[in-house]
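Chain and residue survey
In case you want the letters, here they are:
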There are 2 protein chains.
Amino acid sequence: MTDPMYRQIAEDLRARIESGALAPGGQLPTELELRERYEASRNTVRDAMKWLMNLGLVETRPGQGTFVVEKVDPFTTALFTDVTPLSSDQETGLGGEGIAYAVEVSAQGRRATDSVPRIEIQQANGVIADELRLSEGSMVVSRHQQRFIDGTPYSLQTTFYPMRLVEEGAVRLIQAENLQAGAIRYLEETLGVKQVGWRDRITVRAPDATEAAFFRLPGDGRIAVFETLRTGYDRSGQPLRLTISVYPADRNQFVINVGPAPDDPSSERGG
Amino acid sequence: MTDPMYRQIAEDLRARIESGALAPGGQLPTELELRERYEASRNTVRDAMKWLMNLGLVETRPGQGTFVVEKVDPFTTALFTDVTPLSSDQETGLGGEGIAYAVEVSAQGRRATDSVPRIEIQQANGVIADELRLSEGSMVVSRHQQRFIDGTPYSLQTTFYPMRLVEEGAVRLIQAENLQAGAIRYLEETLGVKQVGWRDRITVRAPDATEAAFFRLPGDGRIAVFETLRTGYDRSGQPLRLTISVYPADRNQFVINVGPAPDDPSSERGG
DNA sequence: CCGTATTTGTTCGTATGTATT
DNA sequence: CAATACATACGAACAAATACG
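Since the structure is predicted, the reported quantities are computational estimates derived from the model, not experimental observations.

In this structure, the second largest pocket encloses a volume near 1300 Å³. Lining the second largest pocket are 42 residues, with D47 and K50 of chain A together with D47, K50 and N54 of chain B positioned closest to its centre. Listed by contribution, the elements that provide at least two residues to the lining of the second largest pocket are helix 3 (42-54), strand 1 (58-61) and strand 2 (65-68) of chain A together with helix 1 (5-19), helix 3 (42-54), strand 1 (58-61) and strand 2 (65-68) of chain B. When grouped by side-chain class, the residues that make up the lining of the second largest pocket number 14 nonpolar, 13 polar and 15 charged.

In structure tokens:
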């Protein structure tokens, strides 16, 4: 019938937060103070805090207190941009080859850096075998990188190539240099195979321990991560590569521009 | 140094789940059994359960027990599809006007139904004013719909139009009929304004109480929702409309097809 | 640098309520 | 109605992180 006490406490605090009475970044009363204010036990107050924490409204800092979460303005990653000029109807292209390479940050003045790739040769498991249309257990090359923007962790990215491509001569795939935006071009120059299309898949899930550590996320799964799969295909419709990227969901968004959409993708931010 | 006991218990159970020893849908031992097995108090065992719950690995059902979460195969929503034929290089078009209308479900044999729109005339707040490039407090028409697939809640969707469009003659925007895929065409026929491009934004956040109730989500924020903003622009680069859609993140994914990507977007599913 | 006070984190015990079988 | 299983609530004690003099 009536809500349990810890939810009533949470609801009361939630209302104060949404109304702005408790400002972002501001500190909440301590658990002992709240225990007196609501005439509840400390554990009940803590249950209310956990509720608000799971809603992403507050965060606790041991030894300091409980604070209202400040939303950061997110990194914007363009998954697709069609660069048709606004005033001319001629040549509705797909933005040239350049965009085929990777997910790109619409970084204004921000500096993106990537770690040296960690190369592995491994068996294709479920999703990887599925997307690359290989039989389970087929060998693939994986190139794993940590990506940073202005030094802060931005994404974890792993690209898988069928081992076939290496056997056919693309040996630099198994060397730990930064192919980066050049991987697709390298394959074209070396083997003559060209990526003519791709498919992105966007899902959300809880981070694993590795991801939580890299992105400095809480460890419990209360902050999710985006997982994007990008499968690239050659002219014959055969999968060339699969790139799996992971981004923390609390500070990232994706945009897709289709047709002559104005520029300036959320650069301004009002108070 | 060493992890707290509730996390060790959680880690042990997590390993059993990932290894498959505890199958999806299967029941975990009861809290009393776990209390004996790990020689901990029931509260500590429950802390371990909450940890696993936030990671999305288990769910509890009062009176029944604790169960390993079964992942459903997600609804797939295509945000963008470029239908260039595979074998010809001529005319790399954007797939025609048809795709401009809306986010479309790649529903194979599934039946999509929408509720009658709830129309409101309201002031544009922060995001809405921002995207439609209106000054704060300008009037907008909002058309809100509940969308279902095979009768199960699929998304909550609200489209905002500048009031200016109604004043200029598009009066059916404020009538509670299903314009649906015809809204863009209606604007073109009535006012001669044509949506020639759009921008999508994809973010993730905790659901609010309304959304949690509609999608039957837990109420604490442990299952997030996708929020997509689609802003449509006319030939002059002026925003025509803003559609905000919300989808539960545990049973939805988005796909983007660029260039001649093969069909069959994840219809098969291996055990 | 050290010690103390403050604040959240962990763990236990216990009792009672609510949902399901 | 009874048994089972999770949910709520209280009280207590100690640990760990942080801030401050």
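On we go from here.
Taken together, 24 residues are adjacent to DNA strand D, and M5, N43 and T44 of chain A together with R46 and T60 of chain B come closest. Sugar and phosphate atoms constitute 67% of the interface atoms of DNA strand D, taking the interface as everything within 4 Å of the protein. Contacts to DNA strand D include R46 of chain B, whose side-chain N or O atom sits 2.8 Å from a phosphate oxygen. Looking at the surface near DNA strand D, the elements with two or more residues in it are helix 1 (5-18) and helix 3 of chain A together with helix 3, strand 1 and strand 2 of chain B. Considering only residue class, the surface near DNA strand D consists of 6 nonpolar, 12 polar and 6 charged.

What follows concerns unusual backbone geometry. Residues and elements named next belong to chain B. Backbone geometry at E39 places phi at a positive 50°, although glycine is not the residue there. Note that E39 resides in the loop between helix 2 (31-37) and helix 3. Relative accessible area serves as the criterion here: at 71%, E39 is assigned to the exposed category. The phi dihedral of R133 falls on the positive side, at around 55°, and the residue is not glycine. Following the sequence through the fold, R133 ends up in the loop between helix 4 (126-132) and strand 7 (139-149).

Next up on the list: a nonpolar patch on the surface. All names here are of chain A. Side chains of I121, M139 and I174 sit close together on the surface and give an oily, nonpolar patch of about 240 Å² of accessible area. Examined against the element boundaries, I174 turns out to sit in the loop between helix 5 (163-167) and helix 6 (183-191). On the basis of relative accessibility, which here comes to 35%, the residue I174 falls in the partly exposed class.

With that settled, consider the nonpolar core. Within the largest apolar cluster, 30 residues are counted, with the highest numbers of intra-cluster contacts made by I202, F226 and I256 of chain A together with I202, F226 and I256 of chain B. Of all the elements in the fold, those that place two or more residues in this core are strand 3 (75-81), strand 9 (195-205) and strand 12 (252-258) of chain A together with strand 3 (75-81), strand 9 (195-205) and strand 12 (252-258) of chain B.

All names here are of chain A. Inspection of the secondary structure puts S115 in the loop between strand 5 (112-114) and strand 6 (118-123). Taking the relative accessible area as the measure of exposure, S115 reaches 18% and is therefore buried. When residues no more than four places from it in sequence are discounted, the contact partners of S115 are Q145, Q146 and N178.

Moving on, we come to the pairing of strand 12 of chain B. Most of strand 12 of chain B is tucked away, with 7 of its 7 residues classed as buried. Where burial is concerned, the two faces of strand 12 of chain B agree: the one with N252, F254, I256 and V258 of chain B and the one with Q253, V255 and N257 of chain B are both buried. Here strand 9 of chain A pairs with strand 12 of chain B via 5 bridges, running antiparallel. Of the residues in strand 12 of chain B, the one forming a bridge with I202 of chain A is F254 of chain B.

Conventions we followed
- Residue positions within a chain follow its written sequence, with the count starting from 1.
- Whichever chain is written first is A, and whichever ligand is written first is 1; the rest continue in order.
- Predicted model: local features are reported for residues with pLDDT of at least 70 only, side-chain atom pairs are reported and counted for 80 or more only, and whole-chain, interface and lining totals are derived from all residues.
- Side-chain metrics rest on all non-hydrogen atoms present in the structure, leaving aside hydrogens and water.
- Cavity: a set of points on a 1 Å grid over the protein atoms alone where a 1.4 Å probe fits but cannot get out. Pocket: an open set with protein on both sides within 12 Å along at least five of seven lines, its lining residues, like those of a cavity, having an atom within 4 Å of a point.
- Grid points are joined across faces, edges and corners, and a volume is the space filled by probe spheres set on the points.
- Elements are defined by DSSP. Helices are runs of H or I of four residues or more, strands are runs of E of two residues or more, and each kind is numbered from the N terminus.
- Under this grouping Gly is polar, as are all residues other than the nonpolar Ala, Val, Leu, Ile, Met, Phe, Trp, Tyr, Cys and Pro and the charged Asp, Glu, Lys and Arg.
- For each residue, the test is whether any non-hydrogen atom lies within 4 Å of the molecule or strand; if one does, the residue is near.
- Pairs of N or O atoms are called polar contacts if they sit within 3.5 Å, as long as, within protein, a hydrogen donor faces a hydrogen acceptor (for residues adjacent in sequence, only side-chain-to-side-chain pairs).
- Buried, partly exposed and exposed residues are distinguished by accessible area as a fraction of the type maximum, computed with a 1.4 Å probe on protein chains only: under 20%, between the cut-offs, and over 50%, respectively.
- Put simply, a patch holds well-exposed residues, over 30% relative accessible area, that have no salt bridge, with like charges counted together within 9 Å and Val, Leu, Ile, Met, Phe, Trp or Tyr side chains within 5 Å.
- Areas reported here follow the Shrake-Rupley algorithm with a probe of radius 1.4 Å; residue values treat only the protein chains shown as occluding.
- A pairing counts as a salt bridge when a side-chain nitrogen of Lys or Arg comes within 4 Å of a carboxyl oxygen of Asp or Glu.
- In this text, buried Ala, Val, Leu, Ile, Met, Phe, Trp, Tyr and Cys residues form a nonpolar core when linked through side-chain atoms within 4.5 Å.
- The contact rule is simple, with two residues in contact once any of their heavy atoms fall within 4.5 Å.
- We call two strands paired when DSSP finds no fewer than two bridges between them.

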